[in-house]
Amino acid sequence: MSTISKKICLVGDFGVGKTSLIRRFVEQQFSDQYLSTVGVKISRKTVELEGVKEPEKLSLQMMIWDLEGHTKFKGIAPTYLAGAGGAIIVADVTRQETLERMSEHINLFFTVNPKGFIIIALNKSDMFEEEKIDKLLSNYQFEEEKRVLSTHSTSAKTGKDVDIIFHKLADKMAGLT
Amino acid sequence: MSLSKNNIADIDNLENLISFSNDRAAKTETDLEALVNLLCDLRLLDKKEKRQGESIPCNENYQSNESATSYEVANGYEYINVSASPVVEAEENPQSKPLSQETQAEVRSKTVGDREDKEDSFCQPTTYDRTPQPEQPTLDHFTSASNIAESASNSIANRSQELNKLALLLLQETEANEPTLEPVLSSTKLTDAHDSLANHDRQESSLAERYSLEKQARENLAQSNLSEGEDENLEESYAAFKRLQTLLLKSELADFSQVIDRFEQKVTNIEYQIHEPTELINLLLPIISELLNRKVAESNESRDAVADSLAPIIDQVIMAKTKENRVAMGTAMAAAMPTAISEQIRNYPTEIGHAIAPDIAAAIKDQIRLNPQAMVEALYPIIHTVIESKREEDIEALSRAIAPLLPSAISQQIRNSPQEIAQAIAPEIASAIKEQIRLDQDSIASALAPEMGRAIKQQIEIERDAMVDALYPVIGSTIAKYMADAIRSINEKIENTFSMEGLNRKIRSKVQGVSEAELILKEAIPFTARAVFLIHKASGLVMSEIQSSGEQKLESDMVAGMLTAIRSFVNDCIAQSGDVSEIDAIDYGNSKIILEVAGYCYLAVVTQGETPQWYNHRVQEALQAIVESYDRLIKSYEGDPTSIPERVHNILEGLVKIKDTSTKDKKSKFTGLLVVGSVLAGLILLPWGYHQYRNAIDRQIEKDTAQRLASVPELAVYRLSINAREGKLRLSGKLPNQELRSKVEQIAKEIAPAYSLKNQIAVQPPPDPVRTAADVKRVTSILNQMNGTAISSQYEAGKVTVKGTVAQVGDAEKITQAFKQIPGIVTVTNTVQLQQFSLPTRIYFELGSTQLKAGDRNKVIQVKAFLNRYPQTDLTIVGHSDTIGNSLENQRLALSRAETVRLALVAEGIDPKRLQAVGTPNPPLGLDSSQPLWLSRCVQFQPISPGFKRK
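Every chain begins its residue count from 1, and numbering advances along the sequence as written. Chain A is the first chain written and ligand 1 is the first ligand written, with later ones labelled in order. A pLDDT threshold of at least 70 governs which residues receive local features in this predicted model, and a stricter bar of 80 or more applies before side-chain atom pairs are shown or counted, although totals over entire chains, interfaces and linings include all residues. With hydrogens and water excluded, all non-hydrogen atoms of the structure serve as input to the side-chain values.

1. Here's the deal with the overall build of chain B
Under the DSSP-based scheme used, a helix requires at least four consecutive residues in state H or I and a strand at least two consecutive residues in state E, with every element numbered from the N terminus. Scanning chain B from terminus to terminus reveals 34 helices and 16 strands. Only heavy atoms matter for contacts: two residues are in contact if any of them lie within 4.5 Å across the pair. Restricting to contacts in chain B with at least 6 residues of sequence separation, those with at least 24 account for 70%. To measure how exposed things are, a 1.4 Å probe is used in the Shrake-Rupley method; for residues, cover is taken only from the protein chains shown. Of the accessible surface of chain B, which amounts to about 55700 Å², a share of 57% is contributed by carbon and sulfur atoms.

Structure below.
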C-alpha cells in the first residue's frame, strides 16, 4: 500500500467554521466555543482510498492547513495557499457576505494553484431552514469552473457532509475519479 | 484459353513475323516500281478484288510459312480467321474502311497491350481505364512518325501472314467449291470474330460451327455429285470429291495460278508498302484511333489485349522516336502531358514522386542554370500554394523533405543578407523559444548553457551597471549571509582571545591543531543531528526524511508544515519587499533547526548542541547536490515520496550520521605537531636531564667525600668544604699542616678518580696560647675604659668568656667583636649585661604639704650629683601620696610634690629636659598598709638610661 501526501487548505471568512470542520473531520469533535485561528494551524489525517480500477489500496495523507480567516483588515496570504492540491472554500449560510466572498477566494486559490481542486462547503446548515439551503446550493454551484467539484451544505455540529467533502476532494486529488 | 495468355504466343509470332517481313522487305527492296503499283493497287483493291483471286494465291504462302504445331495452327488459324474475316467482308464491300479499321485495331491492340505491359511495371492495373484515352491523340503522332510506322509495319507484316492464312482458308472454302457457303461463312465469322476476340470459348464454339458448315458443304458437294451413293461413308465420298475436284479444277488451274501470281505481286507490294509505310499509315491514320477506341471500348479483356500487345514495344517506340526527333515527340506529348501527369499525380502521387525524384533535381538545376528568371516566374505563382497544400496534406513529409536543405539555405541567406533574416525571424523568436521550452525543457537550457558564461561576461563588458542591478538583490543577500557567518566566527574568536581561559584555549588549540572556536564548542554540549527533512517549499510536504535512531521520532509532516508556514509568515510579514532573505535557523534551548533554502525545496536539520561551522557547510553542500540533480523532479513533486530517488535519501543520511572529516585532518595535523613538539622537548629535556644527572653524581661525590673525611679522626675536627662541579672537585678550608692536606687530597682522589682535583685547602698552624692570653688581657683593659663598661675575661684553649656590665646595648656586641679579632680565639662567650642605674634617695613631705623641708636640701644636691655623673641619663621624678582621703586630691598632691622637687633641681642648674615629673596616688612599691603613712608621702627618682631612651 502506498501513501502519498497532499496539502489542502481551508479558506473562508473569519468565523465560518473552518477550524470546526477540521476538528469534526480529524477528531470527530465539536465545540461551540469560538477560538480565532492565528496565522495557520496544520492538522493531518490519512484517508484510505479504494481505487476504482486498481486493486491496491491507496492511502492519502491530507496535510490540512487551517488558514486564518479573511477579515476586512486582512486577506488570505497567498503564500499559505502555495503548493496545495485542493481547497475547501467555506462559507456561513447565516451570513450572506461570506457566501458572496467565496468567488473571491476561489479566484485567489486558482491564481496560486491552477491545477488544484476546490470543493464548496456551506457550513452551519443546521442553523438555517432547509428549503432556503436548497436554494443557496443551487445559487452557489460555480459550474463554469471545472475544477470546482461541487457544493455541499455542511454542519460541523451535526457532522453533515463533513466527511463527504474531505473524501471527495481526496479522491479527486489522488486522481481516482 | 484467355487472350492474355495467348499473348505470349502472339508476341512470339509477331517477332517471328517481324523478322520474316524484314527478310521479305530485303528481298523486295529493289522493287520500287512495284511498290508504286502496289500503292495504286491497294487503293484499287477494294473495288477490284475478287475473293477467289485472294484466296487462291494465299494457299501457297500459307503452306510455305506453316511451321507451328498443330494446336497452335488451330489457334493461329482461328485467330487469323477471326481477324481476317473483316478483310473478307471488306473485299465483299466496296468500302475499305472496315478493313483498315480492323487492321488498325489489331495493330493498336498489340501496341497498346505492349505499352500497357510496360506500364504495368510501375502502374497499378486500374490505370487501364484511363491511360489509353490520353494516349489516343499521341497515337496519331506515333503513326505519323516513321519509327512508329516501322513497328506498325511489323504489325502489318503480321497482318500479311494472317492474310496468307486467310488465303488458305479461302482456298479450302474454294476447294469446297460452294459459292453459297461464302456469305454465310463470312457473315457468321464476322460476328464470331468479334466475340472470339473477347472469349475463347466462343471462339471454339464458332470453330465447331465452322466445321459443321464445312461438313455441310461437303455433304452438299456429295449431294451434287450424283455418282456417289448416299450410303457411302464420308471418307470415301470425300476422296471421290477430291478426285472430282481435281478433275474439275484442272481446267481452271491456269486461271488460279494467274490469280496466285497476281496475289503474290500484291503481297509483295504490301510488303513493300509495309517497308515504306507512309502511304499505309496515311491510309490507316484516320481509322487507327477509332479502331483502337473500339477495341478498347469493347470489353475489359480486349482492352487488356490491346494493352498487352502494345506493352512490350511501346517503350522502345517512344525511346526511338525520342531519339530521332525530340522536338516532335515533345510537341506530341506536350498537349497531353499536363493532364496525364496531373491525373497520375492525383492517383498515384508516390509513384510519380519516385519516378521523377532522381531526375527532377537535375532538371530543375538545369532549368535554373539556363533561365533562372523563367523558373522563378514559373514557380512564383504556385509555389506557396504547392507548399501550402503539401503542408496540409502531410506536414511531416514536407518537413522531412525540406529539413536537410534548411541549414545550408538559412546559412546562405544569413550570409547574403543577415539584416533581412533578422527582421524576418525577430517577431517569432520569443514565442518559438517559449514553445520549444514547453516541448522540451532541456533543449533550450542545454543549448544556451555553454554560452551562458561568455554571454554574461560580454554583458558585463557592455554594461556593467545593468548587470549589477540585475544581480544585486540575489548576490547581496547571499553575500550578506556568508559575511554574517564569517563575522560571527571572527567575533567569537576575538571575544575569547584575551581572557585567561582564552589564552589557555589558544595554547591547547595550537597543541591539538584544532581551531579555538571548535574547542569552545567541544567544551559546550556535544553536537548531534537528530533529524533531516527535505521539504517541498510551496506545499510543505516532506519529500525525504532521515531521523537518527534511538531517539523519539519527530512528527515530520507536522514539523515540515509548520516550518513552511513560519517561513511563509516571515517572508510575508517581516522581510522587506524586494528583499530576498530567509530564516537560517530556529533556536530553542540547546536545540536548533537549521534551514537551508533552495529554489523549490529546503532542508531542515534538527540539531542539538552548538552547530559547528563545518556542519553548516556540509548542509549547504548536501542541498546543492540535491538541487543540481533533481531540481525539476522536486519542482513537480506531487506528494508521492516514492518519486524521490534513493540518492537523495543517501545524501540526507550523510547529514545525520555525522562523521567529521575535518577531525581527521586535524588529527594528522596534531600528530605532526606532536612530533615537532616532542623533538623540541627532547632537545630541551635531554641536556637538562643530563645536567641533572651530572649534578646528582656531583652531589653524591661531595657527600661520599665528606663522609670519608669525617670518618678519619684527625680530619674530623676541621671544617672542609667539598665542591664537585663539571668534572672538578674543589676542596677548600683550613688545615694546620701539609700532612693533613695531602691526606684529604688522597681520600678525594680515591672517591672521585675521574675528577680533576683542585685543592684549595690552606695550611694554618695554631696560634700561641700564651700570646693569645696576653692579648685577651690587653683587650679587656682597653674595653673597660669605655663609659659605663665594667667587664672581666677568662681565656682557655681558644675560648674567651666575658662577664660584666655595659652602659649601652651596642657595647656588648663591640666587646664580642673585639675579642674575636684576637688570633687563636675560636669562640667568644659574652655574658655581659646592660647596667641598671638606681637612685635610692627619697624625699618625704608633711601631711597634706607640697613644700620641701629644710633638711631635704642635701638630698637635692645628691640627686644633682648623680645627674652630673651620668650626663647621658635622664630622670623621672615620681610623686606619691598616702592612702587617706580623696584619691583625686591625693593625685594632685603627688604631682605637686614631684613638681616641687623638679623645680628645685632646675633651680640647682639641671637641664629641665632631662627631668620629668609624674604623680600617682598610690604609695611607692614595697610599702604595705602596716608601715607608717608618712613613708608614703614621698618623691622617688627613676633614672632613664641612654640605652632605654634610645629604644
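2. Observations concerning the packing of aromatic side chains
To pair, rings of Phe, Tyr and Trp, with the six-membered ring standing in for Trp, must have centres within 6.5 Å; the planes then decide the type, stacked if under 30 degrees apart, edge-to-face if over 60, and tilted in the middle. What the rule picks out here adds up to 7 aromatic pairs over all chains. Relative to Tyr615 of chain B, the ring of Trp614 of chain B has its centre 5.9 Å away and its plane inclined at 80 degrees; by these criteria the two rings are edge-to-face. The pair Trp614 of chain B / Tyr615 of chain B is uniform in exposure class, with both members buried. Among the aromatic residues, those joined into a cluster by ring pairs are Phe527, Trp614 and Tyr615 of chain B. Directly above the aromatic system of Phe117 of chain A lies the positively charged group of Arg147 of chain A, at a separation of 4.7 Å from the ring centroid. Relative accessibility under 20% of the residue-type maximum defines a buried residue, over 50% an exposed one, and the middle range a partly exposed one, all with a 1.4 Å probe and only protein chains included. Lysine NZ or arginine CZ positioned within 6 Å of the ring centre and within 35 degrees of the ring normal marks a charge as sitting over the ring.

3. Points about the packing of helix H15 (residues 349-370) of chain B against helix H16 (residues 372-393) of chain B
Residues and elements named next belong to chain B. Here the axes come from fitting lines to C-alpha atoms, over the contacting stretch only for helices, and the angles between their N-to-C directions go from 0 to 180 degrees. Closest axis-to-axis distance for the H15/H16 pair is 5 Å, and the angle between their directions is 120 degrees. Between H15 and H16, the interaxial angle falls into the category oblique. Across from Ile364, Gln367, Ile368, Arg369 and Leu370 in H15, the residues of H16 making contact are Pro372, Ala374 and Met375. In the contact of H15 with H16, the residues fall into 6 nonpolar, 1 polar and 1 charged. Roughly parallel means an angle under 35 degrees; roughly antiparallel means over 145; roughly perpendicular covers 65 to 115; every other angle is labelled oblique. Following the grouping adopted for this structure description, the nonpolar residues are Ala, Val, Leu, Ile, Met, Phe, Trp, Tyr, Cys and Pro, the charged ones are Asp, Glu, Lys and Arg, and the polar ones are all others, Gly among them.

4. Thoughts on the environment of Ser2 of chain A
Along the chain, the position of Ser2 of chain A falls in strand E1 (residues 2-12). When the C-alpha atoms of Ser2 of chain A and Leu60 of chain A are compared, they prove to be 8.5 Å apart, with 58 residues separating the residues in sequence.

5. Re helix H5 (residues 130-139) of chain A
Residue and element names in this part refer to chain A. Taken together, the buried positions of H5 are Ile133, Leu136 and Leu137. All buried residues of H5 project into a common sector of 100 degrees when viewed along the axis, lining one side. Set apart from the buried face of H5 by more than 90 degrees, the exposed residues are Glu131, Lys135 and Asn139. Of the surrounding secondary structure, the elements contacted by the buried residues of H5 are helix H3 (96-100), strand E5 (117-123) and strand E6 (148-153). When we speak of the arc, we mean the arc of directions from the helix axis to the C-beta atoms.

6. Some points on the confidence of the model for chain B
All names here are of chain B. Taken residue by residue, chain B gives an average pLDDT of 72. The fraction at 70 or more is 69%. Confidence scores per residue from the predictor, reported as pLDDT, run from 0 to 100. Here helix H4 (residues 70-92) stands out as the least confident element of chain B, with mean pLDDT 41; strand E2 (residues 542-547) is the most confident, with 90. In the predicted structure, residues 177-190 sits below a pLDDT of 50 and forms 25 contacts with residues beyond four places in sequence or in another chain. Contacts of residues 660-666 to residues separated by more than four positions or lying in other chains number 9 contacts, the stretch itself having pLDDT below 50.

7. Details of the sheet that holds strand E2 (residues 40-50) of chain A
One bridge is not enough; two strands pair if DSSP finds at least two bridges between them. One open sheet holds the 6 strands; their spatial order is E2-E3-E1-E4-E5-E6 (chain A), and the pairing between them is mixed. Across the chains shown, the open sheet's two edge strands, defined by having one partner strand only, are E2 and E6 of chain A. Going across the sheet, the axis of each strand differs from the next one's by a mean of 20 degrees, ignoring polarity. Both E5 of chain A and E6 of chain A contribute to a ladder of 4 bridges, which runs parallel. Bridging across to E6 of chain A, Ala121 of chain A finds its partner in His152 of chain A. Here H5 of chain A sits on the sheet and contacts E5 and E6 of chain A; the angle it forms with E6 of chain A, its principal contact strand, is near 170 degrees. Along the sheet, helix H24 (residues 556-574) of chain B makes contact with E2 and strand E3 (57-67) of chain A, crossing E2 of chain A at roughly 135 degrees.

8. A closer look at the interface of chain B and chain A
On the chain A side, the residues contacting the 17 residues of chain B number 17 residues. Summing both sides of the interface, chain B and chain A together bury roughly 1500 Å²; the carbon and sulfur share of this comes to 56%. Two parts placed together each lose some accessible area under a 1.4 Å probe, and the buried area is that loss summed for both. By the criterion of area lost to chain A, the three top residues of chain B are Leu541, Asp557 and Met558 of chain B, representing 29% of everything that side buries. Any Lys or Arg side-chain nitrogen located within 4 Å of an Asp or Glu carboxyl oxygen qualifies as a salt bridge. The interface formed by chain B and chain A contains 3 salt bridges. Arg44 of chain A is the salt-bridge partner of Asp557 of chain B, the closest N and O atoms lying 3.2 Å from each other. In protein, a polar contact requires one atom able to donate a hydrogen and another able to accept it; more generally it is a pair of N or O atoms within 3.5 Å, and residues adjacent in sequence count only if both atoms are side-chain atoms. In this assembly, chain B and chain A are joined by 6 residue pairs in polar contact (both at pLDDT 80 or more). Considering only residue class, the side of chain B that touches chain A consists of 7 nonpolar, 5 polar and 5 charged.

9. Here we look at the pattern of salt bridges
In the structure shown here, the tally under the stated rule is 24 salt bridges over all chains. Between Arg778 of chain B and Asp775 of chain B there is a salt bridge, and its shortest N-O distance comes to 3.3 Å. Placement of the pair is Arg778 of chain B and Asp775 of chain B together in helix H30 (residues 769-783), with a separation of 3 residues, close to one helical turn. Residue Arg778 of chain B is classed as partly exposed on the basis of its relative accessible area of 47%. Within this structure, Asp92, Arg95, Glu97 and Lys124 of chain A form a network of salt bridges that share partners.

10. Structural notes on the side chain of Asn123 of chain A
All names here are of chain A. Note that Asn123 resides in strand E5. Polar contacts involving the side chain of Asn123 include one to the main-chain carbonyl oxygen of Val16, which spans 3.0 Å. Looking at Asn123, its side chain comes within polar contact range of the side chain of Thr154, at 3.0 Å.

11. A closer look at the pairing of strand E10 (residues 799-806) of chain B
Residues in a regular strand project their side chains so that they alternate between the two faces of the sheet. Residues and elements named next belong to chain B. Where strand E9 (residues 790-796) and E10 come together, 7 bridges link them in antiparallel fashion. Considered in E10, the bridge of Glu796 is made with Lys799. Between the antiparallel neighbours E9 and E10 lie 2 residues, among them Ala797 with a positive phi of about 50 degrees. As paired strands, E10 and strand E11 (residues 827-830) are joined by 4 bridges and run parallel to one another. From the neighbouring strand, Thr801 faces E11, where its bridge partner is Thr829. Orient the strands so they point away from the viewer, and a crossover whose first-strand-to-second-strand path over the helix runs clockwise is right-handed. For the crossover that starts at E10, traverses helix H31 (residues 809-820) and ends in the parallel E11, the hand is right-handed. Sheet topology note: the E10/strand E12 (residues 833-834) ladder contains 2 bridges and is parallel. Paired with Thr805 across the strands is Gln833, a residue of E12.

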